[in-house]
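Here are the chains, one letter per residue:
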Amino acid sequence: MPELHVLPTPEEVAQAAASFVVDLADKSVFTEGRFSIALSGGTTPRRLYEILASSPHAERTAWDGWHIFWGDERCVPPGHNDSNFRMAREALLDGVSIPPSQVHRMRGEVAPEKAADKYEVVLRDAFKTPTPSFDLILLGIGEDGHTASLFPGTLALEEESRLVVAYWVRHLEAYRITFTIPLINAAKTVAFLVTEQSKAGVLKQVLEPKPGSSMLPATLVRPKAGSVHWFLTSGAANQLQSEAMGKN
Ligand code: 6PG
């Protein structure tokens, strides 16, 4: 059952998510000696990353135990305005001391399929298991119910063995690289951040799907042995049934 954390404003959502991430990281570093996190892209998580790179988290967090990955990337160079890596570098990585060898960027500047193949190798090397189990995967959703770069009606959603795929997203007229559902669902913890009221309708479809309705990509995120947390503003959550809200 997903756990909802509903707060009045985007700033409070980002602050709550930051505390959640740091607590999880500290536990993972203490018990496992490392914390593996896959960052999400887009605009919503920027404030979360800025808070992580600010006091008190910046000085209290065991950054040398963090291993940073990305759940998806646009097929652009790392300095491009659209790069998820660039956003995270500016908002988080430039402000904290994570060893560069522990920052695993998706190579958006190389041929997409080659970048996806390379990233699978990076993951298998980093985790030494056929299907890596991330300590935490951060995700967002789009107004069409996509998550990471898994868009409705695409073959990427049906991938059952690959960890990472790259494909042409027709409506964006762009290539994307993305984790697949099997990789996401192997995570110990998944945390979604949704702060825009414009996503209230799709959030209801994702969390309270009507019987017989087609499953949106974000609805497919159901970690086999992991937990799912939703960090939501009241505006984004305002169409959810009250009983679902009661768990926050
Ligand atoms: C990306 C993200 C994508 C994002 C949603 C929400 O690369 O864009 O991974 O899945 O999380 O599109 O984006 P916003 O936070 O910008 O609304």
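An account of the accompanying structure is given in this report. Worth saying up front: this structure is predicted, and the values here are computed from it rather than measured. (Residues numbered from 1 in each chain as written. Predicted model: local features only at pLDDT ≥ 70, side-chain atom pairs only at ≥ 80, totals over all residues. Heavy atoms only, no water.)

### Concerning unusual backbone geometry
Most peptide bonds are trans, and most residues other than glycine sit at a negative phi. The omega torsion of the bond from Ser55 to Pro56 falls at 0 degrees, within 30 degrees of zero and hence cis. The backbone of Ala148 shows a phi angle near 50 degrees, a positive value even though the residue is not glycine. Looking at the element boundaries, Ala148 is found in the loop between strand 5 (136-139) and strand 6 (164-169). The class for Ala148 is buried, based on a relative accessible area of 12%. (Helix = DSSP H or I, 4+ residues; strand = E, 2+ residues; numbered from the N terminus. Buried < 20%, exposed > 50% of the residue type's maximum accessible area, 1.4 Å probe, protein only.)

### What to know about the environment of Val221
Considering the arrangement of structural elements, one finds Val221 in the loop between helix 7 (200-207) and strand 9 (227-233). The class of Val221 is buried, set by a relative accessible area of 6%. For the pair Val221 and Ala187, spaced 34 residues apart in sequence, the C-alpha separation works out to 9.9 Å. Once residues lying within four places of it in the same chain are set aside, the contact partners of Val221 are Leu139, Thr147, Ile181, Ile184, Asn185, Val190, Phe192 and Val228. (Contact = heavy atoms within 4.5 Å.)

### Quick look at the side chain of His57
Relative to the elements of secondary structure, His57 occurs in helix 3 (residues 57-60). Sequence-distant contacts of His57, defined by excluding residues within four places in its chain, comprise Ala18, Ser19, Val22, Ile51, Leu52 and Trp63.

### Here's the deal with the layout of surface pockets
Put simply, the largest pocket is a space of about 540 Å³. Residue lining of the largest pocket: 32 residues in total, with Gly41, Gly42, Thr43, Arg74 and Asn84 positioned closest to the centre. When contributions to the lining of the largest pocket are tallied by element, the ones reaching two or more residues are helix 2 (45-52), strand 4 (72-74), helix 4 (84-91) and strand 5. In terms of residue count, helix 4 provides more of the lining of the largest pocket than any other element does, 4 residues in total. A per-class count over the lining of the largest pocket returns 10 nonpolar, 13 polar and 9 charged. (1 Å grid on protein atoms, 1.4 Å probe; cavity = no way out; pocket = protein on both sides within 12 Å on 5 of 7 lines; lining within 4 Å. Points joined across faces, edges and corners; volume = space filled by probe spheres on them. Nonpolar A, V, L, I, M, F, W, Y, C, P; charged D, E, K, R; others polar.)

### Side note on the site of the ligand
Taken together, 15 residues surround the ligand, and among them Thr44, Asp72, His146, Ala148 and Lys199 come closest. Residue Thr43 places a side-chain N or O atom 2.7 Å away from an oxygen atom belonging to the ligand. One of the backbone N or O atoms of Ala148 is found 2.6 Å from an oxygen atom in the ligand. Considered on its own, the ligand offers 410 Å² of accessible surface; in the complex 89% of this is hidden by protein. Here the ligand is seated within the largest pocket. (Near = heavy atom within 4 Å. Polar contact = N/O pair within 3.5 Å; in protein donor to acceptor, adjacent residues only side chain to side chain. Areas by Shrake-Rupley, 256 points an atom, 1.4 Å probe, with all protein chains shown as cover. Sits in = over half its atoms within 2 Å of the grid points.)

### Some words on the pattern of salt bridges
Under the definition given, this model contains 13 salt bridges. Between Arg105 and Glu109 there is a salt bridge, with its nearest N and O atoms 2.8 Å apart. Glu120 is the salt-bridge partner of Arg124, the closest N and O atoms lying 3.0 Å from each other. Residue Arg124 and its partner Glu120 are located together in helix 5 (residues 112-127), separated by 4 residues, close to a single helical turn. The class for Arg124 is partly exposed, based on a relative accessible area of 32%. Looking at Glu120, the relative accessible area reads 9%, which means it is buried. If you follow the salt bridges from partner to partner, you end up with Asp117, Glu120, Arg124 and Arg162 in one network. (Salt bridge = Lys/Arg side-chain N within 4 Å of Asp/Glu carboxyl O.)

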